[in-house]
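As a plain string of letters, each chain reads:
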Amino acid sequence: KAGVTQTPRYLIKTRGQQVTLSCSPISGHRSVSWYQQTPGQGLQFLFEYFSETQRNKGNFPGRFSGRQFSNSRSEMNVSTLELGDSALYLCASSLEAGNGYTFGSGTRLTVV
Amino acid sequence: GIQVEQSPPDLILQEGANSTLRCNFSDSVNNLQWFHQNPWGQLINLFYIPSGTKQNGRLSATTVATERYSLLYISSSQTTDSGVYFCRGGADGLTFGKGTHLIIQP
């Protein structure tokens, strides 16, 4: 079966712009979670959605937002990009919220 | 804030060796999970282990929630075990450790 698909794989944006990243979960998985990975801060949890409802949110500013659609696909949006937002953004899906995650390959965002 | 400390930070072993990775929590342990990120960046969820012991092949994990720590055991290491091992947990169940960077040499 198809894995977790994240698009795009690579992205270069300018400071001040906004960006939308997409995540298509494994068929049947209703939970999608997002993570940011940087050399300095390591892996950090952004948010988790289950059946279109946000279940948990990490400690990130309001510029970071997300949503989940009825088909379980999810998007995350970052507005007013800063240089420090440059990171690998990972998405994971699972049958239920909280465990059993399958990760996508990530979107590498570079802010210049 | 919530502290999740992993040790050792780096580990270099020969193929066939065994290893123990540790994760300590400053607060309570909730929703404890172990992950492996291979050298190409792919993350894999190894264990969901809020308490007790689980085994999956050469890997096993033990969480002692009352003492706020978890251990990941890797036996008969293979070069494919190389990468970074992360634990996640803490009072909010969402905080990652900085990881243990494991290199298995042939």
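Along every chain, residues carry numbers that run from 1 in the direction the sequence is written. Naming scheme: in the order in which they are written, chains are lettered from A and ligands are numbered from 1. In view of the model being predicted, local features appear only for residues whose pLDDT reaches at least 70, and side-chain atom pairs are presented and counted only at 80 or more, with totals across whole chains, interfaces and linings using the full set of residues. Processing note: side-chain calculations cover all non-hydrogen atoms of the structure and skip hydrogens and water entirely.

Chemist: Mind showing me how you'd approach the interface of chain A and chain B here?
Modeler: Interface size, as often reported, equals the accessible area lost upon joining of the parts. Note on contacts: a residue pair is in contact if any heavy atoms of the two residues lie within 4.5 Å. Residue-level contacts link 18 residues of chain A with 13 residues of chain B. By buried area we mean the combined loss of accessible area, with a 1.4 Å probe, across both parts when two parts are placed together. Overall, the association of chain A and chain B removes approximately 1,300 Å² of surface from exposure, summing both partners, and the carbon and sulfur fraction of that is 55%. When residues of chain A are sorted by the area they lose upon contact with chain B, Leu43(A), Tyr101(A) and Phe103(A) head the list and together hold 43% of the total. Salt bridges, as used here, are contacts in which a Lys or Arg side-chain nitrogen is within 4 Å of a carboxyl oxygen on Asp or Glu. Linking chain A to chain B there are zero salt bridges. Residues adjacent in sequence count toward polar contacts only when both atoms are side-chain atoms; beyond that, a polar contact is any pair of N or O atoms within 3.5 Å, and within protein one must be able to donate a hydrogen and the other to accept it. Between the two partners, chain A and chain B, sit seven residue pairs in polar contact (both at pLDDT 80 or more). Mapped by element, the contributors of at least two residues to the side of chain A that touches chain B are β4 (31–38), β5 (42–50) and β9 (87–94) of chain A. Ranked by the residues each element gives to the side of chain A that touches chain B, the list is headed by β5(A), at four residues. Note on conventions: DSSP H or I runs of at least 4 residues are helices, E runs of at least 2 residues are strands, and numbering of each starts at the N terminus.

Chemist: Help me understand the environment of Tyr73(B), please; the structure alone is not making it clear to me.
Modeler: Residue and element names in this part refer to chain B. Counting through the fold element by element, Tyr-73 comes out in strand β8 (residues 69–74). For the pair Tyr-73 and Thr-62, spaced eleven residues apart in sequence, the C-alpha to C-alpha distance is 8.4 Å. Contact partners of Tyr-73, with chain neighbours within four places excluded, come to Ser-19, Thr-20, Arg-58, Leu-59, Ser-60 and Thr-62.

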